[in-house]
Amino acid sequence: MKLSHFNFNLPKELLAEFPAENRDESRLMVIDRKKNTIEHKMFKDVINYFDDGDVLILNNTKVFPARLYGNKEKTGARIEVFLLRELNSEQRLWDVLVDPARKIRIGNKLYFGDDDSLVAEVIDNTTSRGRTLRFLYDGSYEEFRNKLTELGETPIPKYINRDVTPEDAERYQTIYAKEEGAVAAPTAGLHFSKHLLKKLEIKGVNFAEVTLHVGLGTFNPVEVEDLSKHKMDSEELIITQAACDIVNEGKAKKKRICAVGTTSMRAIESSVSSANTLNPYEGWTNKFIFPPHDFSIANCMITNFHTPKSTLLMMISAFCGHDLMKKAYEEAIKEGYKFYSYGDAMLIL
């Protein structure tokens, strides 16, 4: 498979600017790989496809307010600083992206907040837009982190052409988010309401939680025609023994094992035993899943509609089958499904 196989024309108006009014009332396309069928439902209908003993694998990462706006010393130019990951908590070193990048050089200082209470010094260039910053702040580590949260805003994706609203802080976060560390939401999980999760639980569905801290690399478009040459960014991953037990028991009983989102799928595919069971894991993964790929753990998945040439689309092609995926996407565009982070969902059986 080549990059050009993953290009399609996506009308701009299908990029969702806002989420559905209620989480579980977005649309749901249901694809059955065995029957080769496509159905149109509401997300809350997902409950009809799961039974006692089935397993949903959820990514419980929590998005932090990663987008800050500061001013450059002397010129006062407004600079966007996007926090990617903490490198050293004692020295308050962070890996960030800056925009506009050409103005930001090693040694520059940036000031944040109306009272300039937070200052950062650029100490390294990492990529064309990437920098390492050292934050200077009078206070404990906890106070420093609180300051970042206070000054930061919800990092909704760049394609959304509007200001962040207070609603985004709630809606660009799954209701089961626990472990802070993501700079982008695992978006398939955004469709689950508390009520829907409760109904699934009452039905006997089990939940296995994994943690994959979604980085911006997830969204990097692939630039090379030969997919095997694409390098994924590494993301931090934790899979506990408890999660493995739930998944492996469901697998042994031949139940439906559903990865909620591409991040959950990438997490579990990163830690498979030789017996095709899930192993505990703590570390980093840069797994890139593209066709052909044999999936070892999940036999169904929930995902959003993805943008052209994205690694996410390549994973869906590998799981769904390329021709069926293309057919589904053509139908989604024709039917006006919404794409990307705040868009509609797909259940692949």
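Definitions and limits used
- Here the residue index of a chain counts from 1 through its sequence in written order.
- The predicted nature of this model means local features are confined to residues of pLDDT at least 70 and side-chain atom pairs, given and counted, to a pLDDT of 80 or more, with totals for whole chains, interfaces and linings taken over all residues.
- Hydrogens are left out, water is left out, and the side-chain values use all remaining heavy atoms of the structure.
- By definition, a salt bridge exists where a carboxyl oxygen of Asp or Glu is found within 4 Å of a side-chain nitrogen of Lys or Arg.
- In this text, helices come from DSSP runs of H or I with a minimum length of four residues, and strands from runs of E with a minimum of two, each type numbered from the N-terminal end.
- Between buried and exposed lies partly exposed: a residue is buried under 20% and exposed over 50% of the maximum accessible area for its type, with that area taken using a 1.4 Å probe on protein chains only.
- Domain segmentation is taken from an automatic or database assignment of domains.
- Residue contacts are defined here by distance: any two heavy atoms, one from each residue, within 4.5 Å place the two residues in contact.
- Once two parts are brought into contact, the accessible area they lose, counted with a 1.4 Å probe and summed over both, makes up the buried area.
- Two N or O atoms form a polar contact when they lie within 3.5 Å of each other; inside protein one atom must be a possible hydrogen donor and the other a possible acceptor, and for residues adjacent in sequence the pair counts only when both atoms belong to side chains.

(A) Main features of the pattern of salt bridges. Summed over all chains, the structure comprises 13 salt bridges. Ionic pairing is found between Lys-158 and Asp-99, a salt bridge with its closest N-O pair at 4.0 Å. Within this pair, whereas Lys-158 is found in the loop between helix H1 (141–151) and helix H2 (166–171), its partner Asp-99 is found in strand E7 (residues 93–99), the two being separated by 59 residues in sequence. Asp-99 gets classed as partly exposed once you look at its relative accessible area, which sits at 31%. Notably, a salt bridge pairs Glu-180 with Arg-145, separated by 3.4 Å at the nearest N-O pair. Taken together, the residues span a long stretch of sequence, with Glu-180 in strand E11 (residues 179–182) and Arg-145 in helix H1 at a distance of 35 residues. Owing to a relative accessible area of 42%, Glu-180 belongs among the partly exposed residues under this scheme. Several salt bridges converge on common partners, so that one network encompasses Arg-67, Glu-80, Asp-99 and Lys-158.

(B) Local environment of the domain arrangement of the protein. For the protein, the domain assignment lists domain 1 (1–61 + 167–346) and domain 2 (65–151). The gap between the C-alpha centroids of domain 1 and domain 2 is 32 Å. Taken together, the contact pairs 5 residues of domain 1 with 7 residues of domain 2. With both sides pooled, the region where domain 1 packs onto domain 2 buries about 460 Å², and carbon together with sulfur makes up 61% of that total.

(C) Main features of the side chain of Thr-211. Among the structural elements, Thr-211 can be located in strand E12 (residues 206–212). Take Thr-211: its relative accessible area is 7%, and that puts it in the buried class. Of the polar contacts made by the side chain of Thr-211, one reaches the side chain of Asn-60; its length is 2.6 Å. When neighbours within four sequence positions are excluded, Thr-211 is seen to be in contact with Asn-59, Asn-60, Thr-61, Glu-179, Glu-236, Leu-237 and Ile-238.

(D) Representation of unusual backbone geometry. Note the cis peptide between Asp-99 and Pro-100, where omega equals -5°. Along the chain, the position of Pro-100 falls in the loop between E7 and strand E8 (109–112). Of note, the bond from Pro-291 into Pro-292 is cis; its omega dihedral lies within 30 degrees of zero at -5°. Considering the arrangement of structural elements, one finds Pro-292 in the loop between strand E15 (281–285) and strand E16 (300–304).

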